[in-house]
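Tertiary structure, described
Spelled out from the first residue to the last, the chains are:
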Amino acid sequence: MNDIAPLAVPPEQADAPRPKITARNINVHYGEKHALKDVSVDVPEKGVMAFIGPSGCGKSTFLRCINRMNDTIPICRVTGDLRMDGRDIYEPGLDPVLLRARVGMVFQKPNPFPKSIYENVAYGPRLHGLAGDKTEIDEIVVSALKKASLFEEVKDRLKDSGTSLSGGQQQRLCIARAIAVRPQVILMDEPCSALDPIATAKIEELIDELRTNFTIVIVTHSMQQAARVSQRTAFFHLGKLIEDGVTDQIFMNPRHELTRNYITGRFG
Amino acid sequence: MTDTALAPPMTRSAGVDFDSTEARELLKRRYRAEARFKALGLLAVLVTAAFLAFLLVDILRKGIPSFFEHRATLTVNFDAALIDPKGTRDPADLREGDYQALVRAALQSQFPEAQDRRTRRALDGMISSGAVDDLRQAVLANPGLIGQSRVMPLLFSSDADLFLRQRDTLITRRTGSGPLRVEGESNAVTLRGGGAAFRAALAESKTFLAERRRALLAELATLPAAGSNAGVDTKRTELEQAAASIQARIADANAPETLTDREPSLLVAIGDGILKITEIGANEAKATTLIAPKPGSIITEWSLLTLRVPETNRRVNDNVSAWLEILAQRGLTERAFNARFFQNGDSREPELAGIRGALIGSALTLMVTLLLCVPIGVAAAIYLEEFAPKNRFTDLLEVNINNLAAVPSIVFGLLGLAVFLNAFDLPRSAPLVGGLVLALLVLPTIIIASRAALKAVPPSIKEAALGVGASHQQAVFHHVLPLAMPGIMTGTIIGMAHALGETAPLLMIGMVAFIVDIPGAITEAATVLPVQIFLWSDLPELAFQSRTAGAIIVLLGFLLVMNAAAVILRRMFERRW
């Protein structure tokens, strides 16, 4: 942890919590394409950080670096220094499987397994041996569903298929599935883009509840959403991190011309 | 995209005008194109359906008779002197008994007038050698039969069976009009009927002659012009003379006709006897006795049978026809389900030939194919689709697998011959080798189908599994494979159905032999259903035609069951997401 140079912190953020994730000079190449250019950012512990920016700016790519989902793409190459709690998550001996148990992910389109609601949530804990017997798994499933504020809606039909739920419920099931393996960080890749406003509101409410226990990184297209749910925001443009900071400051008083233009709707 | 950047409202008012002629014209063209496409599609479906229906009807019409057999229900006297001369009742001795003699005696009791050797042999020939075996089995199963008389079903030979099914010749029956006076006996009987009793039959004979004359004239027309060749001229003269003599016979509608074995046979059934007409006039006919009727000179009830096909072209001569006719008249023939067809192996006798051997051979061969193909094919598909690095080598592999699926099956047969038989020295004609060859043939199909099924699983499912910390292999085996399973199973079953119908490669490895014994193991000589069909279709006997169609029906039934299984499995395991 000590060998990481702290980023220059603007005076108004001197009291920022200690960083959970530190990224320094991250570069990502998809074959010939240089998708991320020298991104350096700190994600503080416990709280919501939003990544915003126009399509193709690299915010999702950066998100997928944090749990090494990019490893599954053969042509993708990641360089730079990315640490969680000071530990290099790209160090050769580290199996991404263990990393992903600590960094959960929620995808753009709800993607529950075509199995029962119960099985959807129980799969992760079983995989990682988090529970010894059936009752422990039951407890984990119930508590994860409760944390994802889905339990009341599905408690009578845990045996039903996860795909029989509505879109918003499916997305909350996916969040419960991610929570069940007790991650420290939850990555959300535009979690509400396939949902209607009411389901979106529920998810946002949920994110607000979860931030006391988890470090949440959310990629979103909706600036309103970023403003509503996040405490910190980072703005990406053409593979570069333009600026990051406290959400209010980014929206009220952006330091950078590009950020201002994007937020005021001049492009994007 | 962003809430602050709403699209401006549509302000253009001059868009498509509903009522303009251009818009209508455009719409009409579109409707016409749609209607045309629909009509063409419907036509294609109808043509296909018609072809299929024709095929099915033809096969069913030809094949269903093979599921039935004709039997004579005769009283058999299980004479101890013939089947157990030593009186030991020992199965070994009973096996040696002369059961043929029992059949002979039973027939003799029905037709005592058949005395000379040739006639008796013809009489015995009506019953299949299978009936003799049946009697032996009956006695071995129940020795108490010895010394008793029992009504036993005796299987007819295939010729007799064909005659009873009217496949040998068409038979028309005409009730005789008016009383008939019978004079003379045995070979020189004269039948006199008042009121032109035979006029219709005579006219029929003349019609037959007219047809023959037309055939002669048609042949004459195909010959080259006169004077070109001495041989042709002779032939021409011959044909012209034959046509002229026939013309003379036809000219007088009342002139009597002599009937030989080259004309349709005319039989007169009088009570329990049958006479054969040798010369026919309008009111009078000369005849010979085939089966003597009860004596009497004036007959009021009689009927006239026309056997359309001349005797020389028939498998069953007039004598046997008469016996069969009388047996049927006495109610001693029956039509029953042909269980033998499903219980016997192949045979040279059509009435005894069955498909059991081929069915078991097919089952054993397919078992070997399935056991080899499914593990290897599915494993290869999973590796190639999910784990293999994408490089030039795997590209080459993929191209080659796709090409293998298009290789003619006979090539696989040659490969099997060279590798499995010659190099590995495996047994010839065995389901083991057949299964190996078919496995090679089907593997590409299964790999391609399985890869397609794996590819069809949405990547979001795999991502979800990876996202909660499953390894790549866990994601594949826990989530992707179960979802791909219906597709893999469908591909496998379609591949198996393909293998079931395959003939050519099996010919190369010797599964085409005449094999009577039903195989019990994968190393024993066997044949398979399609090869059996191929073998039977090649045989000249008319009776094997219906066997062939019968075997095709069984094969189609087999395929139908397999395809139904594919559909049911898919329904059962299909999951939606």
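Bear in mind that the values here come from a model prediction, so they are computed numbers and not experimental data. Going along each chain's sequence as written, the residues are numbered from 1 onward. The naming scheme follows written order: chains are lettered A onward, ligands numbered 1 onward. Totals for whole chains, interfaces and linings use all residues, but because this is a predicted model, local features are given only for residues with pLDDT of at least 70 and pairs of side-chain atoms are given and counted only at 80 or more. Only hydrogens and water are removed before side-chain values are computed, so all heavy atoms of the structure are retained for them.

1. Regarding helix H10 (residues 318–329) of chain B
Residues and elements named next belong to chain B.
- In a regular helix each residue adds 1.5 Å, so 12 residues correspond to 16 Å; H10 covers 16 Å between its end C-alpha atoms and thus fits that length.
- With 9 of 12 residues buried, H10 lies mostly within the body of the structure.
- Throughout, exposure labels follow a simple rule: accessible area from a 1.4 Å probe, protein chains only, divided by the maximum for the residue type, with under 20% read as buried, over 50% as exposed, and the rest as partly exposed. Numbering of helices and strands starts at the N terminus; helices are DSSP runs of H or I of at least 4 residues and strands are runs of E of at least 2. Residues of H10 that are buried include every one of Asp318, Val320, Ser321, Ala322, Trp323, Leu324, Glu325, Ile326 and Leu327, and no others.
- Taking the backbone nitrogen of Asn319 as reference, a side-chain oxygen 3.1 Å away marks Asn317 as the first, capping residue of H10. In this analysis, the expected span of each helix is defined as 1.5 Å times one less than the number of residues it contains. Polar contacts here mean pairs of N or O atoms no more than 3.5 Å apart (in protein, one a potential hydrogen donor and the other a potential acceptor; neighbouring residues in sequence count only if both atoms are side-chain atoms).

2. What to know about the packing of helix H13 (residues 392–404) of chain B against helix H15 (residues 431–455) of chain B
Residue and element names in this part refer to chain B.
- Each axis is a line fitted through C-alpha atoms, and for a helix only the stretch in contact is used; angles between axes span 0 to 180 degrees, taken between their N-to-C directions. It is at 8 Å that the axes of H13 and H15 come closest, and there the two elements cross at 120 degrees. By the angle class used here, H13 and H15 are oblique. In terms of crossing hand, the pair formed by H13 and H15 is left-handed. Residues Glu398, Ile401, Asn402 and Leu404 of H13 form the contact with H15, whose participating residues are Pro444, Ile447, Ile448 and Arg451.
- Split by residue class, the contact of H13 with H15 holds 5 nonpolar, 1 polar and 2 charged. The cut-offs work like this: below 35 degrees is roughly parallel, past 145 is roughly antiparallel, 65 to 115 is roughly perpendicular, and the gaps in between are oblique. Left-handed describes a crossing in which the near helix is turned anticlockwise from the far one by less than a right angle; the clockwise case is right-handed. Here a residue-residue contact requires only that any non-hydrogen atoms of the pair lie within 4.5 Å. Three classes are used: nonpolar for Ala, Val, Leu, Ile, Met, Phe, Trp, Tyr, Cys and Pro, charged for Asp, Glu, Lys and Arg, and polar for all others, with Gly counted as polar.

3. Remarks on the interface of chain B and chain A
- Between chain B and chain A, the contact holds 22 residues from the first and 28 residues from the second.
- Carbon and sulfur atoms supply 64% of the area buried between chain B and chain A, which totals about 2,100 Å² over both sides.
- The rule for a salt bridge is simple: a side-chain nitrogen of Lys or Arg has to be within 4 Å of a carboxyl oxygen of Asp or Glu. Seen at the junction of chain B and chain A, the total is 1 salt bridge.
- Where B:Glu463 meets A:Arg64, a salt bridge forms, and the shortest distance between an N and an O atom there is 2.9 Å.
- Counting across the chain B and chain A interface gives 5 residue pairs in polar contact (both at pLDDT 80 or more).
- At the level of secondary structure, the elements contributing two or more residues to the side of chain B that touches chain A comprise helix H16 (459–467) and helix H17 (472–500) of chain B. Buried area: the accessible area, evaluated with a 1.4 Å probe, that two parts lose upon being put together, summed over both parts.

4. A few points about a nonpolar patch on the surface
Residue and element names in this part refer to chain B.
- Two distance rules govern patches: like charges are joined within 9 Å, and nonpolar side chains (Val, Leu, Ile, Met, Phe, Trp, Tyr) within 5 Å, applied only to residues with over 30% relative accessible area and no salt bridge. Computed with the Shrake-Rupley method and a 1.4 Å probe, the accessible areas treat only the protein chains shown as cover for residues. There is a patch of nonpolar side chains on the surface, built from Leu40, Leu43, Val47 and Phe51 and spanning about 430 Å² of accessible area.
- Structurally, Leu40 can be placed in helix H1 (residues 21–63).
- A residue is classified by how much of its surface remains accessible, and Leu40, at 55% relative accessible area, is exposed.

5. Digging into unusual backbone geometry
Residue and element names in this part refer to chain A.
- In the Ramachandran plot, Asn25 falls in the positive-phi region, its phi being about 55 degrees despite a non-glycine side chain.
- With respect to the element layout, Asn25 can be found in strand S1 (residues 19–30).
- With a relative accessible area of 44%, Asn25 lands in the partly exposed category.
- A positive phi angle, close to 50 degrees, is found at Leu238, a residue other than glycine.

6. Details of the confidence of the model for chain A
- The pLDDT value expresses, per residue, how confident the predictor is, ranging between 0 and 100. Model confidence for chain A is summarised by a mean pLDDT of 87, while 93% of its residues fall at 70 or above.
- Of all the helices and strands in chain A, strand S5 (residues 87–88) of chain A carries the lowest mean pLDDT, 88, while strand S8 (residues 215–219) of chain A carries the highest, 94.

7. Details of the pattern of salt bridges
Residue and element names in this part refer to chain B.
- Throughout the structure, instances matching the rule amount to 44 salt bridges over all chains.
- Between Glu69 and Arg71 there is a salt bridge, and its shortest N-O distance comes to 3.1 Å. Just as Glu69 is buried, Arg71 falls in that class too.
- Of the charged contacts, one joins Glu219 and Lys235 as a salt bridge, the two residues approaching to 3.6 Å between their closest N and O atoms. Of the two residues, Glu219 is situated in helix H8 (residues 199–222) and Lys235 in helix H9 (residues 230–251); the sequence distance between them amounts to 16 residues.
- What makes Glu219 partly exposed here is its relative accessible area of 35%.
- Note on Lys235: relative accessible area 35%, which makes it partly exposed.
- Ionic contacts of the salt-bridge type, sharing partners, join the residues Glu69, Arg71, Asp134, Glu334 and Arg340 into one network.

8. A few points about the pairing of strand S10 (residues 240–246) of chain A
All names here are of chain A.
- Of all 7 residues in S10, 5 are buried, a share of seventy percent or more.
- One ladder, built from 6 bridges, connects strand S9 (residues 232–237) with S10; its direction is antiparallel. Considered in S10, the bridge of Ala234 is made with Asp244.
- Following DSSP output, two strands are said to pair if at least two bridges run between them. In this structure, the hairpin formed by S9 and S10 is closed by a connection of 2 residues, where Leu238 is found at a positive phi of approximately 50 degrees.

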